[in-house]
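Structure assessment
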Amino acid sequence: AASTYQARFDAAVAADERIEPRDWMPDDYRATLIRQMAQHAHSEIIGMQPEANWITRAPSLRRKAILMAKVQDEAGHGLYLYSATETLGASRDELLDKLHSGRQKYSSIFNYPTLTWADVGAIGWLVDGAAITNQVPLCRCSYGPYARAMVRVCKEESFHQRQGYELLLALSQGTQAQHEMAQDAVNRWWWPSLMMFGPPDDASAHSAQSMAWKIKRHSNDELRQRFVDICVPQAEALGLTLPDPDLRWNEERGHHDFGAIDWEEFRQVLKGNGPCNEQRITQRRRAHEEGAWVREAAAAYAAKSASGGSG
Ligand code: 3HC
């Protein structure tokens, strides 16, 4: 009976065991994973756009090669995560339709423009840094395929974060104009990076259930705080300041206090009113349409080889 299955599922989650695709799972657990994993995959795919804007404008061949490798990694993370989502019975076509029609989200952070080359460094240091802070705990997520995908993703994100940090350090220690360009990028990317961790815990619709199922291992505010504590000494090492006058070490908390986040801006970006929402989705739909012939050819080839047809 379902109660036995439910009891077995609950015992497995309580014992920190992995739930695998063929295991019984509550419908809501499956739906929550499809929602989060699909949106994670959408974030990776959309996340290619802001950086791709700078591949043809990179200041050196070395920087161009690093940036191309990073954008290719993001595409791979997306494919990884779509494959992991398919183990839950979701179809990739259906998930992409939901992205294209606005019925599924992607991370708010990618609705901001990349105005200068220093933005590529700020994205690597801050956005990939925040992604790592969020993704390391996901390596212990109760759903096997998602946790295992995260192990590989985190390794590659570390390269993304290091190259961003190193890019900013080079600018920060360069000419006055380069230092100012790096500071300007940090000023524009700092607060949107804090919003990546989601709404405050008391405004988070899914956290309680997600944590009960050991999908989310730490709350939104906990990981946001962890990220702030990591970034403060890194900003000092970079010789750059973080754009928050209220940022200060709090001895008894053992953490940095920081200023209020503009949650109205977050809400507006989620509603589609961010600086680049329209551009990102339009570009995504165009890429999907232009790629239709590749998908059809690959499917035809697969069908032919499956039927043993001649090459
Ligand atoms: N951008 C867009 N939507 C967001 C968001 C953000 N930064 N933060 C929260 N939301 C949405 C949630 O998806 C949810 O909406 P939904 O019901 O339509 O899905 C709503 O706001 C309420 O938020 P909750 O905190 O209740 O939702 P979650 O429990 O799902 O927590 C989360 C949000 C922490 C983002 C969680 O979904 C998560 O950990 N996701 C996996 C990580 C991820 O998606 N990272 C993307 C970062 S970018 C990236 O990885 C690319 C990198 O390589 C550069």
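Here the structure is shown first, and the text comes after it.
To keep things clear, this report deals only with the structure shown in the data block. (Residues numbered from 1 in each chain as written. Predicted model: local features only at pLDDT ≥ 70, side-chain atom pairs only at ≥ 80, totals over all residues. Heavy atoms only, no water.)

Moving on: the site of the ligand. Contacts to the ligand come from 32 residues, most closely from Lys105, Ser108, Glu157, His206 and Asn220. Contact between the ligand and Gln39: an oxygen atom at 2.9 Å from a side-chain N or O atom of the residue. One nitrogen or oxygen atom from the side chain of Lys105 is found 2.6 Å from an oxygen atom belonging to the ligand. With the chains in place, 89% of the 1000 Å² that the ligand exposes on its own is no longer accessible. Where the shell around the ligand is concerned, the elements lending two or more residues are helix H2 (27–46), helix H6 (118–138), helix H7 (144–172) and helix H11 (263–273). Considering only residue class, the shell around the ligand consists of 13 nonpolar, 12 polar and 7 charged. (Near = heavy atom within 4 Å. Polar contact = N/O pair within 3.5 Å; in protein donor to acceptor, adjacent residues only side chain to side chain. Areas by Shrake-Rupley, 256 points an atom, 1.4 Å probe, with all protein chains shown as cover. Helix = DSSP H or I, 4+ residues; strand = E, 2+ residues; numbered from the N terminus. Nonpolar A, V, L, I, M, F, W, Y, C, P; charged D, E, K, R; others polar.)

Another point: the nonpolar core. With 78 residues, the main nonpolar core has Tyr29, Leu33, Trp125, Tyr143, Tyr146, Trp190 and Leu242 as its most contacted residues. Setting aside its immediate chain neighbours within four residues, Leu33 contacts Ala38, Leu88, Cys141, Tyr143, Tyr146 and Ile215. (Core = buried A, V, L, I, M, F, W, Y, C linked by side-chain atoms within 4.5 Å. Buried < 20%, exposed > 50% of the residue type's maximum accessible area, 1.4 Å probe, protein only. Contact = heavy atoms within 4.5 Å.)

One pass over the full model with this rule turns up 16 salt bridges. The salt bridge involving Glu74 is made with Lys70; its shortest N-O contact spans 2.8 Å. Of this pair, Glu74 and Lys70 both sit in helix H4 (residues 61–86), 4 residues apart, which is roughly one turn of the helix. Given a relative accessible area of 5%, Glu74 falls into the buried group. Under the relative-accessibility criterion, Lys70 is labelled buried at 1%. Among the charged side chains, a network of salt bridges with common partners joins Glu51, Lys70, Glu74 and Asp128. (Salt bridge = Lys/Arg side-chain N within 4 Å of Asp/Glu carboxyl O.)

So, about the environment of Pro245. Here Pro245 is to be found in the loop between helix H10 (220–238) and strand S1 (248–250). In this structure the C-alpha to C-alpha distance between Pro245 and Ser207, which are 38 residues apart in sequence, comes to 30 Å.

Overall, the coordinates contain 9 aromatic pairs when judged by the stated rule. Taking the centre distance of 5.2 Å and the plane angle of 90° together, the rings of Trp263 and Phe266 count as edge-to-face. Of the two residues, Trp263 and Phe266 are both situated in helix H11; the distance of 3 residues between them amounts to about one turn of the helix. The class of Phe266 is buried, set by a relative accessible area of 11%. (Phe/Tyr/Trp six-rings, centres within 6.5 Å; stacked < 30°, edge-to-face > 60°.)

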